[in-house]
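Fold and geometry: a report
Each chain, letter by letter, is given below.
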Amino acid sequence: MRSTAPLLFEQSRPGRRGSDLPLLDVPKLDNLIPEDLLGNSKLRLPELAEVDLIRHYTRLSRRNFGLYISMQPPGC
Amino acid sequence: MRSYVPNTSEERQAMLEAIGLSKMEELFIDIPIEARLKRELSLDKGKSELEIRRHIQSLVGNAGDLPLFRGAGAYRHYIPAVVKAITSRSEFYTSYTPYQAEMSQGMLQSIFEYQTLMCELTGFDASNASVYDGGTACAEAMVMLRSATRKTKVLCSSGLHPEYLEILRTYARFTGFSLVELPLTKEGVTDIKALEENAEGAAGVIIQSPNFFGCIENFKSAADLIHAKNGLLVAAVNPISLGLLVRPGDAGADICVGEGQPLGLALSAGGPYLGIMTAKQKLMRSLPGRIVGQTEDSEGNRAFVLTLQGREQHIRREKAASNICSNQSLCALSAAVYLSAMGPKGLKEVAEQCLQKAHYLKEGILAIPKMRSRFEAPFFHEFVIESEISSAKLNKGLRKRGFIGGLPLSRYYKGDEGILYCATEANSRNELDEFLNALEVCAK
């Protein structure tokens, strides 16, 4: 096992998507929220494909102990 | 559909360039030209996971859950299948508190990543590993106000979720706070004049946006006012709305709390949910509950541990920041997977669709005779409608026609016949139109 696992953010690649929504199916209205209440910067969330996520969390799960692996006395 | 092919067109182009090609077709050069398909495959346009789910449900004659048009703190959103696939791994759902870091690196790293996501989403420096739910987070933030300012007078908007208010009143009653509830204006937002009049000597103010009635509050004005009186602002948020709205940290808030259920958690009859708590760095040591930090192991490798445990009750006993020493790890994991699956563009799309569909629904309802809007402030995905027809009668009729209508406000406010409606990206146009038709019939 590798001694560390890269962070979600370190695996981010611009433009990758882990999920899609159906296209908006109602008429789009503009200016529903005043400018000063809107966010002005792009959120810095990771951009990952579904398979990236599955592999990342499978890797993390292999670095974790659970009751289905063996007994774990509370407090340990 | 973008998400079914993991690599982006830029990455595919880079791979082609690496092997000295410029177009994908050049990969097929060994296939004789006469044997190649010279047109696009005649397939439907790609469908999203949600559309496929709806299609399969219709094939087996199962419409799934009843179409739902209420939220009031618990929201129906599309949850990508990857969320459940990951949280169903037993190493996550049967793990114990990660006190022993050597055997808990996976869970500790996942919590560390959750905390980073929450900080990015809300615009703050520090996050805890979560508390029970949005209401608990709100009350714990009130305790933080006292430890930061040594004052016990706390202002809160009456636009807070009534259940959050109940928890605040309970905490206040038994831990010596004096709670001042600020009224709403007729537009549906916190009365900023009342805030100004009561701000003197207050530890801070707690305001929720969008508030319980769906209206969007102005955190910036509230922060300026309360800071001028040396108080702090606690911003309670719906995390989905931050796909569009200004982050509370950018608007000047000092602490942010929120109900994390919309981030990939099913309604599940009310729980388990997820209490989000983030704060500015100077308030980090007043945060309740667990915090995971990054460190190095004996070989110099990056590793994760529970940190700043001096705040917690198993170390400080009665002097602890809080009596909560638990967190909602599996729910926090769901939120982290959801946000990572959506990414910045996906979250923005969810928020935009919620906004648009709720406005479409409101416009449709107001076109029905006898229906009136109660508030005129800008709203996100919920709004209050009044009419002469009793909410019980309307909802009974809707239920008969296969819909769950809005939330009758009488549940929380005695005698209030208003109804709080909600629409999210999970409500299809078809559902919205059928609901409006049914409501029109019920209102006759």
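To start, this report covers the structure provided alongside it. None of these values were measured; they are calculated from a predicted model. (Residues numbered from 1 in each chain as written. Chains lettered and ligands numbered in written order. Predicted model: local features only at pLDDT ≥ 70, side-chain atom pairs only at ≥ 80, totals over all residues. Heavy atoms only, no water.)

For chain A, the count of helices and strands is 1 helix and 0 strands. Taken against the 2.2 N^0.38 rule, which gives 11 Å for 76 residues, the C-alpha radius of gyration of chain A at 20 Å runs more than 25% over that of a compact globule. The buried share of chain A, taken over its 76 residues, is 43%. Counting only contacts in chain A whose residues sit at least 6 apart along the sequence, the fraction spanning at least 24 positions is 95%. Computed over 11 positive and 9 negative side-chain charges, the separation of the two mean positions in chain A equals 15 Å. (Helix = DSSP H or I, 4+ residues; strand = E, 2+ residues; numbered from the N terminus. Rg over C-alpha atoms; globule rule 2.2 N^0.38 Å. Buried < 20%, exposed > 50% of the residue type's maximum accessible area, 1.4 Å probe, protein only. Contact = heavy atoms within 4.5 Å. Lys, Arg positive; Asp, Glu negative; His and termini not counted. Charge placed at Lys NZ, Arg CZ, Asp CG, Glu CD.)

In this assembly, 61 residues from chain A lie in contact with 82 residues from chain B. For the pairing of chain A and chain B, the buried interface totals around 6400 Å² over both sides, and the portion due to carbon and sulfur atoms is 61%. Contact with chain B buries area across many residues of chain A, yet A:Arg17, A:Asp20 and A:Leu21 alone supply 12% of it, more than any other trio. Connecting chain A to chain B are 6 salt bridges. Between A:Arg17 and B:Glu349 there is a salt bridge whose closest N-O contact spans 3.5 Å. The interface formed by chain A and chain B contains 26 residue pairs in polar contact (both at pLDDT 80 or more). In terms of residue class, the side of chain A that touches chain B is made up of 34 nonpolar, 14 polar and 13 charged. (Buried area = accessible area lost by both parts, 1.4 Å probe. Salt bridge = Lys/Arg side-chain N within 4 Å of Asp/Glu carboxyl O. Polar contact = N/O pair within 3.5 Å; in protein donor to acceptor, adjacent residues only side chain to side chain. Nonpolar A, V, L, I, M, F, W, Y, C, P; charged D, E, K, R; others polar.)

With that settled, the discussion passes to a nonpolar patch on the surface. Where nonpolar side chains cluster on the molecular surface, the patch consists of B:Tyr4, B:Val5, B:Ile52, B:Ile56, B:Leu59 and B:Val60 and spans about 590 Å² of accessible area. With respect to the element layout, B:Leu59 can be found in helix 2 (residues 49-59). (Patch = residues over 30% accessible without salt bridge, like charges linked within 9 Å, V, L, I, M, F, W, Y side chains within 5 Å. Areas by Shrake-Rupley, 256 points an atom, 1.4 Å probe, with all protein chains shown as cover.)

Our focus in this paragraph is the side chain of B:Thr190. Residues and elements named next belong to chain B. Along the polypeptide, threonine 190 turns up in the loop between strand 3 (178-182) and helix 8 (192-198). Within polar-contact distance, the side chain of threonine 190 engages the side chain of glutamate 217 at 2.8 Å. When sequence neighbours within four positions are dropped, the list of residues in contact with threonine 190 reads Ser157, Leu182, Pro183, Leu184, Thr185, Ile207 and Glu217.

All names here are of chain B. The interhelical angle for the contact between helix 5 (residues 105-122) and helix 11 (residues 329-366), taken along N-to-C directions, is 50°, at an axis separation of 9 Å. Considering the angle they form, helix 5 stands oblique to helix 11. The two elements helix 5 and helix 11 cross, and the hand of that crossing is left-handed. Facing Met107, Ser110, Ile111, Tyr114, Leu117, Met118 and Leu121 of helix 5, the residues of helix 11 in contact are Ser329, Ala332, Leu333, Ala335, Ala336, Leu339, Ser340 and Leu347. (Axes fitted to C-alpha atoms, helices over the stretch in contact; angles between N-to-C directions. Parallel < 35°, antiparallel > 145°, perpendicular 65-115°, else oblique. Left-handed = near helix turned anticlockwise from the far one by under 90°.)

Take the pattern of salt bridges next. Scanning all chains against the criterion turns up 25 salt bridges over all chains. A:Arg16 serves as the salt-bridge partner of A:Asp52, at 2.9 Å between the closest nitrogen and oxygen. With A:Asp52 in helix 1 (residues 50-61) and A:Arg16 in the segment before helix 1, this residue pair connects regions lying 36 residues apart in the sequence. In terms of burial, A:Asp52 and A:Arg16 fall into one category: buried. Between B:Arg169 and B:Glu181 there is a salt bridge, with the nearest N and O atoms lying 2.8 Å from each other.

Attention now goes to the sheet that holds strand 3 of chain B. Residue and element names in this part refer to chain B. Across the sheet, 7 strands lie side by side as 1-7-6-5-4-2-3; this open sheet has mixed pairing. Both edges of this open sheet fall to strand 1 (126-127) and strand 3, since each of them pairs with a single strand only. Here strand 2 (residues 153-157) runs beside strand 3; their pairing, made up of 5 bridges, is parallel. Considered in strand 3, the bridge of serine 157 is made with leucine 182. (Pairing = 2+ DSSP bridges.)

A word on the state of the cysteines. Simply put, the disulfide is a covalent bond whose two ends are the sulfur atoms of two cysteines. All names here are of chain B. Applying the stated criterion to the full structure yields 0 disulfides over all chains. Of the cysteine sulfurs around cysteine 156, a residue in no disulfide, the closest is that of cysteine 138, at 8.0 Å. Cysteine 354 provides the cysteine sulfur closest to cysteine 422, a residue in no disulfide bond, and the two sulfurs are 7.1 Å apart. (Disulfide = S-S within 2.5 Å.)

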